[in-house]
Structures are given as C-alpha cells and as structure tokens.
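Listed below, chain by chain, are the residues.
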Amino acid sequence: MKKNLIYLLILFVAISACSDDFTEQPAVGALSDAAVQNEAGVELLLVGAYSTLDGIRNNLSGNGFAASGDNWWFDVMADDAHKGSTDGDQADLFEMEIYNWTTGNPYVLGKWSSIFAGINRSNAVIALIATIEDADLTGKLAEARFLRGHFNFELQRIYGNVPYISEENYANTEFNQPNPGPIWDQIEADLQFAIDNLPASQAQTGRPNSWAAKAYLGKVHLQQSEWAAAFDLFEEVINDGPYSLNPEFVANFESAGENSSEAIFAIQFTADDGQSLNGNIGGVLNFPNPGPFGSCCGFYQPSQDLVNAFQTDGSGLPLLDTFNDTDVANDYGLEDADAFTPHAGPLDPRLDYTVGRRGIDYNRYGTFPGHSWIRATFSDISGPYLPAKNVYQSGDTDNQGSGAWGQQHAGINYHIIRYADVLLMGAEAAAETNDLASALTWTNLVRNRAKNMTYIQNEAGDTDAANYEIEPYTSFASQDFARKAVRHERRLELSMEGHRLFDLRRWGNTESVMNEYVINESRTIPNYGTKAKTVEAKHDVLPIPLSAIDLSGGILEQNPGY
C-alpha cells in the first residue's frame, strides 16, 4: 500500500507537467487542489492516511520510537516487559517504565504527535471527498472514517481527556480545539459508518472490511465496559464472520501466516530485502543484542512476572491466583559458563513462542545460551529474557530487514486486531453479562489451538523442549471465576502485543497490579524495587504533552494529577 503512494504521486506529477499553462501549475513536487479533486486524488490521500498506521512520518515531534504503531513500549509500562538494554539507553523510556512520568517526556509527545498525523491525514481524505460531486466515494469515505476512528481510539485510551478535530475543523484549519473530556461518541459514529458502508471483503490486502469495523466497534464498547453492546458485535463476528484461528500459534508472527484467516486488521509491514521504509521502524530497538544474528539493540525484554503467568497446575490449567508464589527458574546473574537447569515444572506451551529463555530453542536459531545474548548488565533492571513474537523465525527471509549498525526494519505484520483477540474480548463481554457458556466456549477455542499446535522441541528434536501442559476448562463455575480465567487467558495469548496496559486500565486495577508487580519482580531483579516509583490513579492516562498545551495558548488543559 505504501508503494502505491509513490506510484500515485509520480502519476500526478506527470499529469501536472503536461499542461502548457505552466505558470498556473504548483511548484515541482506539490499538487494543486484541482489535481487531487477526483477519485485518484482521494486514493492518493487515503494511502497516505494508511501509511501513518505505523506512526512514522517526516518531522515527527518528540521521541521517534514512541510513535511506533505496535505500542510495544506500553507493555513496558505494564507488567509484561522491561524497557531492556541498559538503564541509561533511551533514558526517557526508563523514566516511563519506573513511573516517573513528566509532562515534558519526549515519549509522551512522540505518540501524541504521531496519532494526530493519522487523524489529520484521515480528515484530509474526508474533507476532500466532501468537495467531489461527480463520483460515488462512499467506500473510500468509510475507509477514511475507519482510520480516523482507529486513531481517535488510540488517542482516547492513551490520554483520556482529548480534543476532537473534525473534518470541518481540518478544512478550516481550526486545529486548536479544547479537550473537555472523552470523544467516545465520535469514535463510535466513525466505526458505525464504516460498518454500514464498507464491503464484507476487500480486493486489496490491508484495507478494513465491514467485519473488521464490527470487531473494532466491539473493542471500543469493551474499553468503556459497555458489555452488552460489545457482546452483540463480537458474537456476530464470531458466529457469522469469515475468520478462524490459525492451526499454529506462531503463524501469526511469520510471513507464511500473514493476512490469514486469523488476521482481522493489521499494519502491513514489509522488509523489501533490506532497510525498507515500509518495515517496522518504530520497533528497530527490540531485537537481541547481539543474539543469534548480530542484531541491535536489546530492548523490550519480557518480565519474570509474565513468564510466571505461564505456569500450570499439573492438570493443564493456569495458576490464576498463585502463579507468582514461585518463580520459573531463570539465569539472572549467571554467565553462559555457569551451570543452569531450565524450569522442570509444567508450563503453557505458548511461553516459548512469546519469550526467549536460556536452555530453550529461540525462534529456530538454536538453544538460547544465556547472558551473552543480553545487552543489559546485572546492574540494570532488564532481566534475563528476550522477546520472541516481534523477532523473525530463522529462515523467514521475507520478513528480515537487516542493515548498517544491526537495526532491523522487520516485515512482521502487527495485528491491531486478530481473531484470538476477538474471541477473548467476546469471552470477556460474555463473562461480564453472565453468559458463562459463551465465555467458556470462546476461551476454550483459544486454549485448544494452543494445546494442538506444534510445541518447541529440544536441541535433538526428539521431544518437547520443556514440560508443556495445557488443557481446556471443563466449566466456569461462577462469574467471578470466568472473569478471572478470561483475563488471565488474554495475557497468555496476547502478551508482548501491546495490549496489556489497556486491559489493566479497563479492569480498573492498574494501581494494585503494578505496585504488586514491583514487589514480585524485585525477587529476580533486586534493584528494580529501589528504582520504581509508586503507581497512582493519575497513571491511568498519560499526561497531555506540555509543549502541546503551550502551543495551544492554554486551550488544552492538563490531565488531573500532573
């Protein structure tokens, strides 16, 4: 899709150059209003709006890594991951991890800036369509409104009290709008328009269809705890939609499984055999350093707390209340030459497709040897683990984009919504409406896929690499148990995919979970507790960037507590 932007731009420059009346033409490289006031111009601007899904654009304000569309660094502010690398590398993100948040932190501004780029580009399409009378552009309008709904949803759930920029505001350059409160109604209206006007399927991969819009509107209702409205939408997508789970869990993170039956809406990254601008530039830090292929930069390291969550009880079910009573064996503080025995207790097999840990095969590159693949020192708060989902599987050359100082412009698509996510969002809505049968059925679909998938093997390839054990639930005995089981399942299935912090915010337990996390994590990383600050109620949203408030002349107001 991003390639199409280049082709269309070349086309329009060529068209503009054909006129004899050259004195009325815009400057070279610029397009006049008349040049884009047609269906091809709408498509040009629409592809430009899609291109901001990854958060990357020219002249980005704030920290460039903060713009990343996969929300990886929000996991760092939850209990799934540490920043990784050394504490002093990307020191502004270190401050976000330890909850020492300030209104001037460049990560706060970087995400704000990138989201508004997407909103503005979506509004550009919507405003342009309003000026065209001789073509039916309803489908393109629905795509643009879907995208605007997505970007505003990101803005809303990250910052809380946010301004709304309408297409009329955009057309009249009235960007300085107040932020009196939530903009849920406007988000819902955009996605409902998308539901009503998008086709059930799209000819071009990466564009949303009406089913994706239904799933997304369900997600919007879920984030507001509007359980019944969310349930109805998820039930329709699950029962009548075209989606199904991939047989292999790992297929969601390799090229062979991209845009498969499990993909609902994803950022379409591509490696293009090297350092492509279409690769995941926002995630270039998040590879082993040096690891098995000399990559950079050792960020985004899973937490001990996350690894503990994959423990099972001997019958294949999670330890919902007690998983943190004991730690999965780890090699923190040990060098490669030091003796180490991997954990012998039962574990959910999804663990080793999510986390790289010593003594276990890492993404088919061979056995993870230990600290030599970790950039952080033992005085840093990063821990002993590596991320796996965002790192290529060995041999998946279509997704590999290596170059220069080891940075990786990966082509692994990022799932904004995948079918397993919908099943578990549906199960959550079902549990909250006391439909325990649906909650059980949909949760077990996810668990059974994990049970029946291929497990990671030992180095000899003749047995499982660990004591893997998983079974479906036989029943949900109560609403409280169902709620607990579904929430835990979301973590097992979707960890290290940028969802965890927003789940905690929806459940209203960010403070309690995160403050307990600091205590538990300090068993493995002793100095973590001395560096982390207390999580407070204000941390349920990021602050409004100080520079945005200053530039607004006081029109924007700061969130409470900052």
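Residues numbered from 1 in each chain as written. Predicted model: local features only at pLDDT ≥ 70, side-chain atom pairs only at ≥ 80, totals over all residues. Heavy atoms only, no water.

**Examining the overall build of the chain**
Here is step 1: Check the secondary structure of the chain and you find 20 helices and eight strands.
Here is step 2: Compactness check: the chain gives a C-alpha radius of gyration of 24 Å against a globular reference of 24 Å for 562 residues, within 12% of the reference.
Here is step 3: Looking at the chain alone, contacts between residues at least 24 apart form 71% of all its contacts between residues at least 6 apart.
Here is step 4: Approximately 20,400 Å² of the chain is accessible, and the part contributed by carbon and sulfur atoms is 51%.
Here is step 5: Charged side chains in the chain number 35 positive and 75 negative. The centres of these two groups are separated by 3 Å. (Helix = DSSP H or I, 4+ residues; strand = E, 2+ residues; numbered from the N terminus. Rg over C-alpha atoms; globule rule 2.2 N^0.38 Å. Contact = heavy atoms within 4.5 Å. Areas by Shrake-Rupley, 256 points an atom, 1.4 Å probe, with all protein chains shown as cover. Lys, Arg positive; Asp, Glu negative; His and termini not counted. Charge placed at Lys NZ, Arg CZ, Asp CG, Glu CD.)

**Describing the state of the cysteines**
Here is step 1: With the rule as written, the count across this model stands at one disulfide.
Here is step 2: There is a disulfide in this structure between C296 and C297, and the S-S distance comes to 1.9 Å. Negative torsions about the S-S bond denote left-handed disulfides, and the value of about 100° found for C296 with C297 makes this one right-handed.
Here is step 3: With relative accessibility at 11%, the residue C296 sits in the buried group. (Disulfide = S-S within 2.5 Å. Buried < 20%, exposed > 50% of the residue type's maximum accessible area, 1.4 Å probe, protein only.)

**Focus on unusual backbone geometry**
Here is step 1: Along the chain, N289 connects to P290 via a cis peptide bond; the corresponding omega equals 5°.
Here is step 2: Along the chain, P290 falls in the loop between β2 (263–267) and β3 (299–302).
Here is step 3: With an omega of 20°, the peptide bond between C296 and C297 qualifies as cis.
Here is step 4: Mapped onto the elements, C297 comes out in the loop between β2 and β3.
Here is step 5: In this structure, S225 is a non-glycine residue whose phi angle is positive, near 60°.
Here is step 6: Looking at the secondary structure, you find S225 in the loop between α10 (210–223) and α11 (227–240).
Here is step 7: Note on S225: relative accessible area 32%, which makes it partly exposed.

**Looking at the pattern of salt bridges**
Here is step 1: Using the criterion set out here, one finds 37 salt bridges in the structure.
Here is step 2: Between E154 and R157 there is a salt bridge; the shortest N-O distance is 2.6 Å. Linking E154 with R157, this pair stays in helix α7 (residues 138–159), spanning three residues, or about one helical turn.
Here is step 3: Across the pair R350 and E489 runs a salt bridge, and its minimum N-O distance is 2.7 Å. Here E489 lies in helix α16 (residues 479–494) and R350 lies in the loop between α12 (304–309) and α13 (351–354), a separation of 139 residues in the sequence.
Here is step 4: Judged by relative accessible area, which is 0%, E489 ranks as buried.
Here is step 5: Ionic contacts of the salt-bridge type, sharing partners, join the residues E262, D348, R350, K389, R418, R447, R449, E489, E493 and E497 into one network. (Salt bridge = Lys/Arg side-chain N within 4 Å of Asp/Glu carboxyl O.)

**Digging into the pairing of β2**
Here is step 1: Extensive coverage of β2 is indicated by the burial of five of its five residues.
Here is step 2: Pairing between β2 and strand β8 (residues 414–418): four bridges, direction antiparallel. Residue F265 lies in a different strand from β8, and its bridge partner there is I417. (Pairing = 2+ DSSP bridges.)

**Considering the packing of aromatic side chains**
Here is step 1: By the definition in use, this model includes 29 aromatic pairs.
Here is step 2: Geometrically, the ring pair formed by W73 and Y107 is edge-to-face, given 5.1 Å between the ring centres and 70° between the ring planes. Note that W73 is positioned in helix α4 (residues 72–76) and Y107 in helix α6 (residues 106–129), a separation of 34 residues in sequence.
Here is step 3: Classification of Y107 by relative accessible area gives buried; the value is 0%.
Here is step 4: Members of the aromatic cluster, connected to one another through ring pairs, are F146, F153, W184, Y216 and F265.
Here is step 5: The aromatic ring of W211 is capped on one face by K214, whose charged end is 4.3 Å from the ring centroid. (Phe/Tyr/Trp six-rings, centres within 6.5 Å; stacked < 30°, edge-to-face > 60°. Lys NZ or Arg CZ within 6 Å of the ring centre and 35° of its normal.)

**Concerning the layout of surface pockets**
Here is step 1: Volume-wise, the largest pocket comes out at about 590 Å³.
Here is step 2: As for the largest pocket, its lining consists of 22 residues, and the residues nearest its centre are L320, F323, R500, N509 and V513.
Here is step 3: Secondary-structure elements contributing two or more residues to the lining of the largest pocket are α16, α17 (500–507) and α18 (510–521).
Here is step 4: In terms of residue class, the lining of the largest pocket is built from six nonpolar, five polar and 11 charged. (1 Å grid on protein atoms, 1.4 Å probe; cavity = no way out; pocket = protein on both sides within 12 Å on 5 of 7 lines; lining within 4 Å. Points joined across faces, edges and corners; volume = space filled by probe spheres on them. Nonpolar A, V, L, I, M, F, W, Y, C, P; charged D, E, K, R; others polar.)

**Re the packing of α16 against α17**
Working note: a packed helix pair is described by the angle between its axes plus the distance between those axes.
Here is step 1: Two elements in contact, α16 and α17, have axes whose closest approach is 11 Å; the angle formed by their N-to-C orientations is 165°. Between α16 and α17, the crossing angle belongs to the class labelled roughly antiparallel. As α16 packs across α17, the resulting crossing turns out to be left-handed. Counting all contacts with α16, which are made through R487, R490 and R491, the residues of α17 involved are R500, D503, R506 and W507.
Here is step 2: Residues of the contact of α16 with α17, tallied by class, amount to one nonpolar, no polar and six charged. (Axes fitted to C-alpha atoms, helices over the stretch in contact; angles between N-to-C directions. Parallel < 35°, antiparallel > 145°, perpendicular 65-115°, else oblique. Left-handed = near helix turned anticlockwise from the far one by under 90°.)

**Some details on empty space enclosed by the protein**
The rolling of a water-molecule-sized probe over the atoms marks out the regions of remaining empty space.
Here is step 1: All chains considered together, the criterion is met by eight cavities of 30 Å³ or more.
Here is step 2: There is about 240 Å³ of room inside the largest cavity.
Here is step 3: If you trace the largest cavity, you find 19 residues lining it, with D70, N280, K389, N390 and Y414 closest to the centre.
Here is step 4: Across the lining of the largest cavity, the residue classes tally to nine nonpolar, seven polar and three charged.
Here is step 5: Estimated volume of the second largest cavity: approximately 80 Å³.
Here is step 6: Looking at the second largest cavity, the residues that line it are T52, L53, G55, A67, S68, G69, K111, S114, I115, H150, F151 and E154.
Here is step 7: Residue assignment for the lining of the second largest cavity shows that the elements contributing at least two residues are α6 and α7.
Here is step 8: Looking at the lining of the second largest cavity, its residues break down into four nonpolar, six polar and two charged.

**Describing the nonpolar core**
Here is step 1: W73, F146, Y159 and V422 are the most contacted members of the largest nonpolar core, which totals 136 residues.
Here is step 2: Here this core takes 11 residues from α6, the largest share from any one element. (Core = buried A, V, L, I, M, F, W, Y, C linked by side-chain atoms within 4.5 Å.)

**With respect to the packing of helix α15 (residues 436–452) against α16**
Here is step 1: Running from amino to carboxyl end, α15 crosses α16 at an angle of 30°, the nearest separation of the two axes being 11 Å. In this view, α15 runs roughly parallel relative to α16, as classed from their interaxial angle. Classified by chirality, the crossing of α16 by α15 is left-handed. Facing α15, whose interface residues are L436, T443, V446, R447 and R449, α16 presents Q479, A482, V486, E489, L492 and E493.
Here is step 2: Looking at the contact of α15 with α16, its residues break down into five nonpolar, two polar and four charged.

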